[in-house]
Amino acid sequence: MISFLKYLGLISILLWCIPTQLCAQGLNFENYSTHNGLPSAQVYHMYQDPFGDIWFATDRGIAKYDGFTFESFEQKDGLTSNTVFKFYPQKDSTVWCSTVNNSLFYFHPESQVFEAYKFNDTLQKHARNYLMDDVYLDPHNNLYLSFENICGHLIIDKEGHVESQSFQNRRSGDLLSAVFNVDIEGEVFTYYKTSSMKKVPKYDISYIVSSKTFNNGYKKCELVNNKLLFSVGSNLTISDHNGNCTEIDFEKDIIGLGGYDANHFWLGFKTGGLKIFNMQGIEIDHYLSNKMVSFVLVDSHNGIWVSTLSNGVFFAHSDKIRKFNFKHNSIFSLSAGLNQNLLVSTIEGNAYIFNEKKFQPIKISDSEAGNRIYFKKQDSSYFGHLNKRNVFGEDLNSSGIIDFSENDLKPSLFCSPWSAFIWRDSAYHEHQMLQRISQVEWAEDGIFFGTYNALYFFDTLTLAIEKLNHPELQFRTTDIKMSKSYHYIGTSGNGLIKYNERTGDVQKITTREGLSSDIVNEVFPENDSTVWVATTAGLNYVVSRDNKAYIRQIKIEDGLPDNDITDVYVQNNQVWIATRSGLCLLDKNTFEFSKPTLNVYLFWEDVYCNEMLLNQVDQNQLSHKQNNMRMTFHTAYFGGNKNIKFRYKLVVFPPPK
């Protein structure tokens, strides 16, 4: 461990006093460390094998994780050193591993048998104490090696002879190049060279990089989206084939870099966290700001894995959902404030407005403001969940505001438990009710009142109150929102009701149709056919076509911090999600119905019949009497919770002709 850390400036790491709690910035990270089964909290590299398992290289051995359990391996298992720096998967399905003492070993992910490279003595003799950068095994079993702090490469043939060694320090006037040798099958071997050195006789791609700081600092180099990323210390150079370069200086040293997706790359910093950039070098996101980030892996389920040099690894299900932190994270409501900017209120009574890409606290006009915030359009002021007679500066007979209409096309409307208040002729007019009110919303010719047992209609002209007798409307109303032709009504126990006021038609959408829960907290209609439904068991994106509901659920496994969704608000294709554990933002297009194919890793291990292990031939020739079956299998899955259900069926083998 010490010999590697000297390349990072002799970093002092106190593993026993590092906290495991994370204040997430944008992503909902989960921390895995020694308390979960990792052999060490110092993790250098990660790799996902063809069976779905993720491997971790640490200073205390390597570990494999399948989404359920960690399995660790040490020198007693065949490793040539417990300090393993990096995985190098080869096209022959072996995975080679570099170590602190330059003694290579390799393994097959399926067998998990670790074998030492038989010419390690030759390798150590010629590699000296250089830190290994790249390892490539060609089709003839010749081994190519490059090193991070020296120019040149080392080639050892399949008989253990040194075929080529071209180490060289840079001389005055030499230009420094990063060489990417790509073989005919697309495998890449990378090393540095100076202008006076020859290249490896393969398919070469050379980039001239900035050399002004080449002799100072820790160096990293990657080819990402046809651009070269080259870092030395705290300096990053982005260059292309034409020699166009962009240089960026950072406050912290860069200790890791690589491609993030088709349009972005990542940088890991020494105590500076993880930063995501577009290919022009503009910073997009910043996570884990005080961690030492060594590597980033996007797994086959789009989960984000971040390894660190002191805190283990951090995992987020997806980067498609962004999380925002407040002093109090239990979000109560979302609505439109000044200039239609998002207005957020917490259960503890704090309020924030989203302005110029950041949240700013709002000072509520009343000292008794609570968790329901109202924006008064008449004078652009904010009021809370008031609990006294004086409401909005007027002496109203109110026992507290419990709900208000968010319909911007209608006059202001809010209610207390026993009264409705309507803005008309420059003043609020009160209408008392006989039923205890829970929700209020404009209708076409009056007002709908939701109560604890049914939905009521109030005619604002005749002042008559009528109970709607449809059986599906005889439930506690939790929310009412109006679209162009319908009212969407959330209930406590009867799911979502889509109600046509003119025809009286009702469409009920419940867990039977795919809703995550029949207890609805809030609804947000985008139009007559699309509505977002917040429930106690997740968010639902509901599209109605031909009187049939198509539903996409969004839950913790998709990146939400909580399944108890308290409110939802959609603006400019951005979906804001309020939960008991924080506020989230996602792009609506992320969760359209064209869902990508899910990678499933499931492999049989053993099959037993009447407690007797069957071999492969016996498994293919089962009779109808062999019905006491027990099967074990291996699976790797990171896309959801750990309670995964599998189905199987027995078929005739071989199939009939």
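Above: the structure in question.
Structure report, in brief.

What counts, and at which threshold
Residues numbered from 1 in each chain as written. Predicted model: local features only at pLDDT ≥ 70, side-chain atom pairs only at ≥ 80, totals over all residues. Heavy atoms only, no water. Helix = DSSP H or I, 4+ residues; strand = E, 2+ residues; numbered from the N terminus. Buried < 20%, exposed > 50% of the residue type's maximum accessible area, 1.4 Å probe, protein only. Contact = heavy atoms within 4.5 Å. Patch = residues over 30% accessible without salt bridge, like charges linked within 9 Å, V, L, I, M, F, W, Y side chains within 5 Å. Areas by Shrake-Rupley, 256 points an atom, 1.4 Å probe, with all protein chains shown as cover. Salt bridge = Lys/Arg side-chain N within 4 Å of Asp/Glu carboxyl O. Pairing = 2+ DSSP bridges. Axes fitted to C-alpha atoms, helices over the stretch in contact; angles between N-to-C directions. Phe/Tyr/Trp six-rings, centres within 6.5 Å; stacked < 30°, edge-to-face > 60°. 1 Å grid on protein atoms, 1.4 Å probe; cavity = no way out; pocket = protein on both sides within 12 Å on 5 of 7 lines; lining within 4 Å. Points joined across faces, edges and corners; volume = space filled by probe spheres on them. Nonpolar A, V, L, I, M, F, W, Y, C, P; charged D, E, K, R; others polar. Polar contact = N/O pair within 3.5 Å; in protein donor to acceptor, adjacent residues only side chain to side chain.

Within the protein chain one finds three helices and 58 strands. Looking at the protein chain as a whole, 53% of its 657 residues qualify as buried. Across the protein chain, the fraction of contacts at a sequence separation of at least 24, relative to all contacts at a separation of at least 6, is 45%.

Another point: a nonpolar patch on the surface. Taken together, the side chains of Val600, Leu602, Trp604 and Phe633 make up a nonpolar region of the molecular surface, amounting to roughly 390 Å² of accessible area. Relative to the assigned elements, tryptophan 604 resides in strand S56 (residues 601-609).

Bringing the sheet that holds strand S32 (residues 358-361) into the picture now. Pairing between sheet strands relies on hydrogen bonds along the backbone, with the strands arranged either parallel or antiparallel. Read from one edge of the open sheet, four strands run S29-S30-S31-S32, paired in antiparallel fashion. The sheet is open, and its two borders are formed by strand S29 (331-336) and S32, each paired with just one other strand. Along the sheet, successive strands turn relative to each other by an average axial angle of 25°, direction set aside. Here strand S31 (residues 351-355) runs beside S32; their pairing, made up of four bridges, is antiparallel. By the bridge assignment for S32, tyrosine 352 is matched with proline 361.

Bringing the pairing of strand S26 (residues 304-308) into the picture now. The buried fraction of S26 is high, at five of five residues. Because side chains alternate across S26, one face comprises the buried residues Ile304, Val306 and Thr308, and the other comprises Trp305 and Ser307, equally buried. Bridge analysis of strand S25 (residues 293-298) against S26 gives five bridges, and the strand direction is antiparallel. From the neighbouring strand, valine 296 faces S26, where its bridge partner is valine 306. Between the end of S25 and the start of S26, which pair antiparallel, lie five residues, with asparagine 302 showing a positive phi angle near 70°. In the sheet, S26 pairs with strand S27 (residues 313-316) via four bridges, with the strands oriented antiparallel. Bridge pairing in S27 links serine 307 to valine 313.

Here the focus is the packing of aromatic side chains. The geometry of an aromatic ring pair is captured by the separation of the ring centres together with the interplanar angle, meaning the angle of the planes. Taken as a whole and assessed by the stated rule, the structure comprises 43 aromatic pairs. An angle of 55° between the planes, with centres 5.5 Å apart, marks the rings of tyrosine 136 and tyrosine 144 as tilted. Neither residue differs from the other here; tyrosine 136 and tyrosine 144 are each classed as buried. Seen from their ring centres, phenylalanine 250 and phenylalanine 269 are 5.1 Å apart, and the 65° between their planes marks the pair as edge-to-face. Of this pair, phenylalanine 250 sits in the loop between strand S20 (245-249) and strand S21 (254-261) while phenylalanine 269 sits in strand S22 (residues 264-269); the two residues are 19 residues apart in sequence, bridging distant segments of the chain.

Here we take up empty space enclosed by the protein. Per the counting criterion, the structure on display carries one cavity of 30 Å³ or more. In this structure, the largest cavity spans a volume of roughly 30 Å³. Lining the largest cavity are ten residues, with Asp403, Phe404, Asp479, Ile480 and Lys481 sitting closest to its centre. When residues of the lining of the largest cavity are assigned to their parent elements, the largest contribution, three residues, is made by strand S45 (residues 477-482). For the lining of the largest cavity, the residue count by class is three nonpolar, one polar and six charged.

The phi angle of most residues is negative, glycine excepted, and most peptide bonds adopt the trans form. One non-glycine residue, glutamine 340, lies in the positive phi region at around 65°. Here glutamine 340 lies in the loop between S29 and strand S30 (342-346). Looking at glutamine 340, the relative accessible area reads 36%, which means it is partly exposed.

A few words now on the sheet that holds strand S49 (residues 520-525). Read from one edge of the open sheet, four strands run S49-S50-S51-S52, paired in antiparallel fashion. With one partner strand each, in any of the chains shown, S49 and strand S52 (548-554) form the two edges of the open sheet. With direction set aside, neighbouring strand axes in the sheet form an average angle of 25°.

Within the secondary structure layout, threonine 635 lies in strand S58 (residues 629-636). Looking at threonine 635, the relative accessible area reads 10%, which means it is buried. There is a polar contact of 2.7 Å between the side chain of threonine 635 and the backbone oxygen of tyrosine 601.

Turning our eyes to something else, we now look at the layout of surface pockets. Approximately 1100 Å³ is the volume found for the largest pocket. Along its surface, the largest pocket is lined by 43 residues, and His45, Lys86, Phe87, Glu222 and Phe295 are the ones closest to its centre. Of all the secondary-structure elements, those providing two or more residues to the lining of the largest pocket are strand S2 (43-48), strand S6 (84-89), strand S10 (132-137), strand S14 (176-182), strand S15 (188-194), strand S17 (219-224), S21 and S25. Looking at side-chain class alone, the lining of the largest pocket contains 26 nonpolar, ten polar and seven charged residues.

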